[in-house]
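Chains, contacts and geometry: an overview
The chain contents come next:
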Amino acid sequence: MSFFSFGQSAEIDVVLNDAETRKKVEHKTEDGKKDKYFLFYDGETVSGKVNVTLKNPGKRLEHHGIKIEFVGQIELYYDRGNHHEFVSLVKDLARPGEITQSQTFDFEFTHVEKPYESYTGQNVKLRYFLRATVIRRLNDINKEMDIVVHTLSTYPELNSSIKMEVGIEDCLHIEFEYNKSKYHLKDVIVGKIYFLLVRIKIKHMEIDIIKRETTGTGPSVYHENDTIAKYEIMDGAPVRGESIPIRLFLAGYDLTPTMRDINKKFSVRYYLNLVLIDEEERRYFKQQEITLWRKGDVVRKSMSHQAAIASQRFEGSAASESALEQAAKEESG
Amino acid sequence: MTDPVVADTRRLNSKPQDLTDAYGPPSNFLEIDVYDPQIVGVGRNRYTTYEVRMRTNLPIFKLKDSCVRRRYSDFEWLKNELERDSKIVVPPLPGKALKRQLPFRGDEGLFEEAFIEERRVGLEQFINRIAGHPLAQNERCLHMFLQEETIDRNYIPGKVRKNRYTCACSMYIYFYITLIQS
């Protein structure tokens, strides 16, 4: 805003064409608050209108051009000056000249590539935004509108279980198993811990989900570890032959998909940390990486189909099975 | 392809537990008692000794039941040896109580009953914490302290068994062990 404006000024704002129908999602801001933003996927068109509203109607506004940009950029917090733009599109809305009355400009960025998911982390931020600018001699008038991009995946073809025998020689031997190595964000981790040898006095056992955000390259790599969840799976002292089940629902936690070497700037990886604590507070742990991915939402499913599945969960009876068949027939037919 | 709306959360299959394992004695029995303080010596050369009795079924200890007499400075020796040779953060001993060794005190000084009891409790806690540590169990000094009648201060420090960090069999991957200081 200019305090020495002799003459005209204007307000600029951006409105999407599908603002009424497009879904909004919550996304964390840098200071930890959650805000809602329009959700886009890779390849979707971004179209809308830029409204330039003159503050003093009647007076003309001189400018050196009006444009709108669609930007995808990575910002490292320790290096704020340099933004790494990986998507940069621009549409000129008006050639240099003047406006005498408030105007609206249409724009469309067709089938925009949005290769990465929006991410706000501890040391790095990846964001997408529209920026409308009225270019002027001394100071531009601009407005930014952030959007959120989700990257979707489908069920991986290969999703082997993780099964390992670990321990300390002649002291503690366990076999742990997790049913998959790749989990979607609303998945359930089903597993078990089997005790082969227990010569220490265990007090309890827990599973932690750890998020590791890696920024920087070469000698200046920095890892930021954050324990997202701690979930106790056993209280008390186990003996040989005991098997402890694991059932950890991921939907309750604030997770993102695994991001590997995004634009060679940062990574976000997730680990399951199995921790056993003995009576003297000594901790024995084994970390295992898992891959998290984002599943597309179910587009349409009839209510009766869902109800039939729900009833089968409890009974598994012939009646509910035939209800399921019927509902499936109805849906496809 | 049917995408199940309800996730499959059934438990994974596991071997049923053997009844002898379930109801047998646990393989982690280790109890050390520090008791029966006795004052040894005369005049200004007196000191207190404690009985240190260990009962265990851990195979790493040669004797399943052992009984020795130790004094405070023996515990200090053990702490120093472990701090030097092992990578553990050794728990603290009860205080040295130098003030109690000064003359002209109103009370019995080092041989005050309440003080001896307080020290006994601290030594018992110390030895139980350290003897249960898998890395401390590797050290010869611990075994000598607990199970040999006298401590040979000229002994050759070393490990009792192969370092527990290394892998004898390629099937095992080792834990990191960390001791949280309380």
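Note on numbering: residues in each chain are counted from 1, in written sequence order. To read the labels, note that chains go from A and ligands from 1, taken in the order they are written. Residue-level local features of this predicted model are given only where pLDDT is at least 70; pairs of side-chain atoms are given and counted only at 80 or more, and the full residue set underlies all totals for whole chains, interfaces and linings. Where side-chain values are given, they derive from all heavy atoms of the structure, hydrogens and water being excluded.

1. Side note on unusual backbone geometry
Residues and elements named next belong to chain A. Test applied: Note on conventions: DSSP H or I runs of at least 4 residues are helices, E runs of at least 2 residues are strands, and numbering of each starts at the N terminus. The buried label goes to any residue with under 20% of its type's maximum accessible area, the exposed label to any with over 50%, and the partly exposed label to all in between, with areas taken from a 1.4 Å probe on protein chains only.
Even without a glycine there, the phi angle at Asp261 is positive, about 50°. Inspection of the secondary structure assignment puts Asp261 in strand S20 (residues 259-262). Given the relative accessible area of 48%, Asp261 is considered partly exposed. A positive phi angle, close to 60°, is found at Lys264, a residue other than glycine. By relative accessible area, Lys264 is classed as exposed at 61%.

2. Structural notes on helix H4 (residues 140-147) of chain B
Residues and elements named next belong to chain B. The condition is simple: Contacts: residue pairs with any heavy atoms within 4.5 Å of one another.
The buried fraction of H4 is high, at seven of eight residues. Those residues of H4 that sit buried are Cys141, Leu142, His143, Met144, Phe145, Leu146 and Gln147. In this fold, the buried residues of H4 make contact with strand S1 (30-40), strand S2 (47-56), strand S3 (65-71), helix H2 (72-85) and helix H3 (113-131).

3. Details of the environment of B:Cys141
Residue and element names in this part refer to chain B. Tracing the backbone through its elements, the reader meets Cys141 in helix H4. Residue Cys141 is classed as buried on the basis of its relative accessible area of 1%. For the pair formed by Cys141 and Asp33, sequence separation is 108 residues and the distance between their alpha carbons is 19 Å. If sequence neighbours within four positions are ignored, Cys141 has contacts with Trp77, Leu78, Glu81, Leu82 and Tyr155.

4. Thoughts on the domain arrangement of chain A
All names here are of chain A. Convention followed: A domain assignment, automatic or from a database, supplies the domain bounds used here. Defined here as a combined quantity, buried area equals the accessible surface (1.4 Å probe) lost by two parts on assembly, summed across both.
If you check the domain split of chain A, you get domain 1 (10-149) and domain 2 (162-293). With centres defined by C-alpha atoms, the gap from domain 1 to domain 2 works out at 40 Å. Of the roughly 1300 Å² buried between domain 1 and domain 2 on both sides combined, carbon and sulfur atoms contribute 62%. Broken down residue by residue, the surface that domain 1 buries against domain 2 is led by Tyr119, Gln122 and Asn123, which jointly contribute 39%.

5. Considerations on the nonpolar core
Keep this limit in mind: As used here, the term nonpolar core means buried Ala, Val, Leu, Ile, Met, Phe, Trp, Tyr and Cys residues forming a set that is joined through side-chain atoms within 4.5 Å.
Counting 74 residues, the largest nonpolar core has A:Leu130, A:Tyr178, A:Ile193, A:Phe195 and A:Leu274 as the members making the most contacts within it. Inspection of this core shows a minimum of three residues originating in each of domain 1 (10-149) and domain 2 (162-293) of chain A. Setting aside residues up to four positions removed in sequence, A:Leu274 forms contacts with A:Ile174, A:Phe176, A:Tyr178, A:Ile193, A:Met205, A:Glu206, A:Ile207, A:Ile233, A:Tyr284, A:Phe285 and A:Lys286. Among the nonpolar cores identified, the runner-up in size contains 33 residues, and B:Leu30, B:Phe75, B:Trp77 and B:Ile116 belong to it.

6. Thoughts on the side chain of A:Ser181
With respect to the secondary-structure elements, A:Ser181 resides in the loop between strand S14 (172-178) and strand S15 (182-184). Residues within four places of A:Ser181 in sequence aside, it is in contact with A:Asn159, A:Ser160, A:Ile162, A:Ile290 and A:Thr291.

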